[in-house]
Amino acid sequence: MPISRFIFNRLLQLLAVILGTVTVLFIVLYLLVPGDAAQAMLGAKATPQALENLRHELGLDRSLPVQYGLYLWRLLHFDLGTSYELNRSVSSVILDYLPATAYLAGAALLLETLAGMAWGFLTAGRRSTRLDFLTTISGSLLLSTPVFFLGMVLQYIFGSRLGILPISGLGGYNPVYLILPATTLAAAQAVIVGTMARSSLELQMARPYFLAARARGLTHRQALVGHGTRNALGPVVTLLAIDLGALMGGAMITEIVFSWPGIGRMTYYAAQVRDVPLIIGSVVVLVAIFVTISTLVDIMYGWLDPRVRLGAISDG
Amino acid sequence: MDNLGTIPAPLPASPRGPAFFSGIRRQANENRLVAVGAAIALAIIIMAALVPLLPLADPLKPDYEVGLSAPSAAHLLGTDLHGRDQLSRVLWASRTSLTVGITASLVALIIGLVMGGAAGYGGRVADAAAMRIADAFLSFPVILGAIAFMAVFGPGIRNVFMAIAFFGWPVFARVFRSSVLSVREQSYVSASKGVGGGSFYIFRRHVLPNSVQPLIAYAAMSVAGAILIESGLSFINLGIQRPYPSWGLMLGEAMGQIDQAPWLLIAPGAAITITTMAFFLMGTGLSRKTDPRIQGRAHS
């Protein structure tokens, strides 16, 4: 398949996923949630006349297909509606909170990459050893620890007991404030990255070129660093990219525990007061970021490795 | 240092060489994981079943005289802000978590069987349709979908089930589909076709029993993931509602009191971790798959 066709297909898929999400949200928002948007915005005490006017203004008195069209048209112009609670446009609220989340997610991604690669190098080729058993157990333990529990334990140890690290807030983007939340967020994912890095490295170690490198006199480590790593990175990078999107969304609980003023914590407050446009808006934005990143990585990967776009390697 | 011994032996292993023994050792390691996980999970399930028979304090009754008291003989794990016994609440909450985790996974499994079966056995159109839907669901994190679901439909245990099953089935569908695809090419399927077996008969008699096995590992993983999601949702007040005990909810209530009452963290936190890990070990041991999309699912 030529590269242009591959890119076109992936972009089409991206559009389909976003359109699908948006359509499901439209159905949920307009058909299943009791009471309409006008009622929710004006409250129970609104006069029938005011309700009527607002419904007309929002297009709620039109037929369903027209409403759907209007909704898509507004989305196309980044108009995600107005927050019931804050009385501001949803897109401006999201833009206010997005940088803090991106900052936290970026830091966590860096951390899990470093820790995961170290984990992979340490355990690759050591199946069925005592180290293997130990790392499997501790890895499962980390994967099973809920982020909020880990976060609160870290807060207690490093904040309440030792008093050496700040436990809440953004601290004006001071990196010290980043240490605990980023560690909390990265811990479980580092294990997943590590497991992936390990099996990917092991796959390369079994290849003939690796044996050839050893035969030319390279030590196991030299062959691994000089030859194996580069070939092993593909799946790891794909995983990391998928993960960046997941981090953007999954940061919610970490943000709540650490009072981090990001989009996740904002969505949490929106959910508490059932500010539907704000919830839907954040979900649309997060899903869009997530699928865009994974599509870009797929395209990049397909560009670098022709076997991917030929479908010779599934899923990578 | 010479590390030659660490190069994995190329497949297939000769039945008597060193690879044979390392194969056995590896099998034993993985069986050990499954055994440890299954034993812990079974112990937790039995304990949860016996909770009503145990001489425990009422998990819902407040007693403000003893609010936030440290662990003692009267309250082995201390009490929360409302003076409720922590031990009793943690034990009662195990019923909530296990019920949600197992039931939601079962529902997801059944939807996955239907969709994956249709995709793998129902022809090209059904395959394309079912897999595109599954891909759309797989294209964003479960926890995000679950949070949106709960935020829109409101909290409560029934919606927790629905949210987890609604976003959990695509993994089962994918695994079952690929399993069905390989089984339907087997010679016994052609043989059955040859002697005139009907398409549904063959599916029920041959394809289904031979394709469900890989799903068992994912079912165990899915229970672990569902327990984590339930506790996460309850932690942010979108899951199980007060005053009913749930581990996530208990940790959420403890959030403001870490300084005065750190014991409130330990029991529910350890309970979630141990229960999740038990099911997780079973799943990992049963299947060491590394499909990143599926591996990450339990957690993202």
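What counts, and at which threshold
Residues numbered from 1 in each chain as written. Chains lettered and ligands numbered in written order. Predicted model: local features only at pLDDT ≥ 70, side-chain atom pairs only at ≥ 80, totals over all residues. Helix = DSSP H or I, 4+ residues; strand = E, 2+ residues; numbered from the N terminus. Buried ≥ 20, exposed ≤ 12 C-beta atoms within 10 Å, placed from the backbone. Contact = placed C-beta atoms within 7 Å. pLDDT = per-residue confidence, 0-100. Axes fitted to C-alpha atoms, helices over the stretch in contact; angles between N-to-C directions. Parallel < 35°, antiparallel > 145°, perpendicular 65-115°, else oblique. Left-handed = near helix turned anticlockwise from the far one by under 90°. Core = buried A, V, L, I, M, F, W, Y, C linked by C-beta atoms within 7 Å. Expected span 1.5 Å × (residues − 1). Nonpolar A, V, L, I, M, F, W, Y, C, P; charged D, E, K, R; others polar.

Regarding the overall build of chain A
Then, number 1: Within chain A, the secondary structure is distributed over 13 helices and 0 strands.
Then, number 2: Counting from the amino terminus, chain A carries its helices and strands in the arrangement α-α-α-α-α-α-α-α-α-α-α-α-α.
Then, number 3: Here chain A, with 316 residues, has 41% of them falling under the buried criterion.

Brief notes about the overall build of chain B
Then, number 1: Of regular secondary structure, chain B possesses 11 helices and 0 strands.
Then, number 2: From first element to last, N terminus to C terminus, chain B shows the α and β order α-α-α-α-α-α-α-α-α-α-α.
Then, number 3: For chain B, the proportion of its 300 residues judged to be buried stands at 44%.
Then, number 4: Nonlocal contacts in chain B, meaning residues at least 24 apart in sequence, comprise 69% of its contacts between residues at least 6 apart.

Side note on helix 11 (residues 263–272) of chain A
Residues and elements named next belong to chain A.
Then, number 1: Taken across its 10 residues, helix 11 has 8 buried, putting it largely inside the fold.
Then, number 2: Restricting attention to buried positions, one finds in helix 11 the residues Ile263, Gly264, Arg265, Met266, Thr267, Tyr268, Ala270 and Ala271.
Then, number 3: Two residues or fewer after helix 11 comes Arg274, characterised by a positive phi angle close to 50 degrees.

Focus on unusual backbone geometry
Outside of glycine, negative phi angles account for most residues, and trans bonds account for most peptide bonds.
Then, number 1: For the bond from Arg242 of chain B to Pro243 of chain B, the omega torsion is 0 degrees, close enough to zero to count as cis.
Then, number 2: Its location among the elements puts Pro243 of chain B in the loop between helix 8 (213–235) and helix 9 (247–254).
Then, number 3: The phi dihedral of Asn87 of chain A falls on the positive side, at around 55 degrees, and the residue is not glycine.
Then, number 4: For Asn87 of chain A, the position within the fold is in the loop between helix 4 (64–76) and helix 5 (90–123).
Then, number 5: Positioned with a positive phi, Ser259 of chain A is a non-glycine residue whose angle comes to about 45 degrees.
Then, number 6: Relative to the assigned elements, Ser259 of chain A resides in the loop between helix 10 (220–257) and helix 11.
Then, number 7: A tally of 12 C-beta atoms within 10 Å means that Ser259 of chain A is categorised as exposed.

Let's talk about the confidence of the model for chain B
Residues and elements named next belong to chain B.
Then, number 1: Scored by pLDDT, chain B has a mean of 79; 83% of the residues are at 70 or more.
Then, number 2: Under a pLDDT of 50 for its full length, residues 1–18 has, in the predicted model, 19 contacts with residues more than four places off or in other chains.
Then, number 3: In the predicted structure, residues 289–300 sits below a pLDDT of 50 and forms 34 contacts with residues beyond four places in sequence or in another chain.
Then, number 4: Here the predicted complex carries an ipTM of 0.78, next to a pTM of 0.80.

Brief notes about the packing of helix 6 (residues 130–144) of chain A against helix 10 (residues 263–286) of chain B
Then, number 1: Closest axis-to-axis distance for the helix 6 of chain A/helix 10 of chain B pair is 8 Å, and the angle between their directions is 125 degrees. Put simply, helix 6 of chain A runs oblique to helix 10 of chain B. For the crossing formed where helix 6 of chain A meets helix 10 of chain B, the hand is right-handed. Judged by residue contacts, Ser140, Leu141, Leu143 and Ser144 of chain A of helix 6 of chain A engage Thr273, Thr276, Met277, Phe280, Leu281 and Thr284 of chain B from helix 10 of chain B.

Looking at the environment of Ser179 of chain B
Residues and elements named next belong to chain B.
Then, number 1: In this fold, Ser179 is placed in helix 5 (residues 157–183).
Then, number 2: Sequence separation between Ser179 and Leu215 is 36 residues; the distance between their C-alpha atoms is 9.0 Å.
Then, number 3: Apart from the residues within four sequence positions on either side, Ser179 is in contact with Ser211 and Pro214.

Thoughts on the environment of Tyr209 of chain A
Residue and element names in this part refer to chain A.
Then, number 1: Within the secondary structure, Tyr209 sits in helix 9 (residues 208–215).
Then, number 2: The exposed category is assigned to Tyr209, around which 12 C-beta atoms lie within 10 Å.
Then, number 3: As a C-alpha pair, Tyr209 and Gln13 span 196 residues in sequence and 36 Å in three-dimensional space.

Focus: the nonpolar core
Then, number 1: If you look at the biggest cluster of nonpolar residues, it comprises 152 residues, and the most contacted ones within it are Leu104 and Ile279 of chain A together with Ala146, Ile147, Ile164, Phe172 and Leu251 of chain B.
Then, number 2: For this core, the leading source of residues is helix 10 of chain A, giving 16 residues.
Then, number 3: Filtering out sequence-adjacent residues up to four positions away, Ile279 of chain A remains in contact with Thr267, Ala270 and Ala271 of chain A together with Ala148, Ala151 and Val152 of chain B.

Here's the deal with the environment of Arg88 of chain A
Residue and element names in this part refer to chain A.
Then, number 1: Along the polypeptide, Arg88 turns up in the loop between helix 4 and helix 5.
Then, number 2: Counting along the chain gives 190 residues from Arg88 to Leu278, while the straight-line C-alpha distance between them is 9.8 Å.
Then, number 3: In contact with Arg88, other than residues within four places in its own chain, are Thr82, Ser83 and Val93.

Remarks on helix 4 of chain A
Then, number 1: An ideal rise of 1.5 Å per residue puts 18 Å on 13 residues; helix 4 of chain A measures up with 18 Å between its terminal C-alpha atoms.
Then, number 2: A positive backbone phi angle near 55 degrees is found at Phe78 of chain A, which sits one or two residues after helix 4 of chain A.

Some words on the packing of helix 6 (residues 187–194) of chain B against helix 7 (residues 199–211) of chain B
Helix-helix packing: each pair is described by the crossing angle between the helix axes and the interaxial distance.
Residue and element names in this part refer to chain B.
Then, number 1: In contact at an axis separation of 10 Å, helix 6 and helix 7 are set at 155 degrees when each is read in the N-to-C sense. With respect to helix 7, the axis of helix 6 lies roughly antiparallel. For the pair helix 6 and helix 7, the sense of crossing is right-handed. Contacts from Tyr188, Val189, Ser192 and Lys193 of helix 6 reach helix 7 at Ile202, His206 and Val207.
Then, number 2: For the contact of helix 6 with helix 7, the residue count by class is 4 nonpolar, 2 polar and 1 charged.

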